[in-house]
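# Working through the structure, step by step
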Amino acid sequence: MTVLDRATESGGFGNVVADAQWADEVRRLATDNQVWAMARFRDPAARSELERLGVVCVTKDLATDSFEDLPPDLTHVFHAGAVVFTGGSERDQALTFETNTQATGRLMAQCRAVETFVHCSTGGVYAWSPTPVTEDDRLGVTIGNYSLSKVAAESVVQFVARQ
């Protein structure tokens, strides 16, 4: 069992509060841990629901905001923030790379002392295949800028993890 002392999650909160199972998990984690959520929180109801579940909410835009004011004693980071294909990755390549690639590196660098940093990627980093892919399969660009930015982010994650 994983015990979190202080954890943060970046992005993806619209999905968390909309899914009852995720909400139950957040509630469980927040019972014995200080859980922080970092997102733009464009939906005030989503933020309110997380706060009701016991989560400390911090409004930040991954592409433009600094992470220097995050608590220095975070123990675990679950990073799922991204500009996705349906969210405009093809409309603004610079924003897509700033958010999906560079912000990932900046967040990892800021949180270098954490015990665990989980970076959520996508199956879209792999070349198209008629069969299920594995981590050893060939990378490819199946979803334009989104795929490219996530391939680059994976390289950034590997680089920062080795520092």
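Please read these numbers as outputs of a predicted model, since none were measured by experiment. (Residues numbered from 1 in each chain as written. Predicted model: local features only at pLDDT ≥ 70, side-chain atom pairs only at ≥ 80, totals over all residues. Heavy atoms only, no water.)

### Some details on the packing of aromatic side chains
One pass over the structure, following the stated rule, counts zero aromatic pairs. For the cation-ring pair, Arg 47 lies above Phe 41, with the distance from its terminal atom to the ring centre recorded as 5.2 Å. (Phe/Tyr/Trp six-rings, centres within 6.5 Å; stacked < 30°, edge-to-face > 60°. Lys NZ or Arg CZ within 6 Å of the ring centre and 35° of its normal.)

### Let's talk about the pattern of salt bridges
The full count for this structure, using the stated rule, is four salt bridges. A salt bridge links Glu 51 to Arg 47, with the shortest nitrogen-to-oxygen separation between them at 3.0 Å. Taken together, the residues Glu 51 and Arg 47, both in helix α3 (residues 44–52) and four residues apart, mark about one turn of the helix. On the basis of relative accessibility, which here comes to 24%, the residue Arg 47 falls in the partly exposed class. With a shortest N-O distance of 3.7 Å, Arg 106 and Glu 98 are connected by a salt bridge. (Salt bridge = Lys/Arg side-chain N within 4 Å of Asp/Glu carboxyl O. Helix = DSSP H or I, 4+ residues; strand = E, 2+ residues; numbered from the N terminus. Buried < 20%, exposed > 50% of the residue type's maximum accessible area, 1.4 Å probe, protein only.)

### Notes on a nonpolar patch on the surface
A contiguous nonpolar patch, built from Trp 22, Phe 78 and Val 118 and spanning about 260 Å² of accessible area, is present on the exposed surface. Within the secondary structure layout, Val 118 lies in strand β5 (residues 116–119). (Patch = residues over 30% accessible without salt bridge, like charges linked within 9 Å, V, L, I, M, F, W, Y side chains within 5 Å. Areas by Shrake-Rupley, 256 points an atom, 1.4 Å probe, with all protein chains shown as cover.)

### Brief notes about the confidence of the model for the protein
Summary statistics for the protein give a mean pLDDT of 83 and a share of 85% for residues scoring 70 or more. Every residue in residues 1–5 is under pLDDT 50, and counting partners more than four places away or in other chains gives eleven contacts. (pLDDT = per-residue confidence, 0-100. Contact = heavy atoms within 4.5 Å.)

### Focus on α3
A side-chain oxygen of the first residue of α3 lies 3.0 Å from the backbone nitrogen of Ala 45; this N-cap is Asp 43. Looking one or two residues past α3, Gly 54 carries a phi angle of roughly 100°, positive in sign. (Polar contact = N/O pair within 3.5 Å; in protein donor to acceptor, adjacent residues only side chain to side chain.)

### Focus: the environment of Met 38
Within the secondary structure, Met 38 sits in strand β2 (residues 34–39). On the basis of relative accessible area, Met 38 is assigned to the buried category, the value being 2%. With 29 residues separating them along the chain, Met 38 and Phe 67 place their C-alpha atoms 9.9 Å apart.

### Structural notes on the side chain of Asn 145
As for its position among the elements, Asn 145 is in helix α5 (residues 144–162). In this structure, Asn 145 is in contact with Ser 89, Glu 90, Gln 93, Thr 96 and Phe 97, ignoring residues within four places of it in sequence.

### Some points on unusual backbone geometry
For Phe 41, which is not glycine, the phi dihedral falls at a positive 50°. Residue position: Phe 41 is located in the loop between β2 and α3.

### Considerations on α5
Taking 1.5 Å per residue, 19 residues should reach 27 Å; α5 reaches 28 Å between its end C-alpha atoms and fits that length. Among the structural elements, α4 (93–110) and β5 are those in contact with the buried residues of α5. (Expected span 1.5 Å × (residues − 1).)

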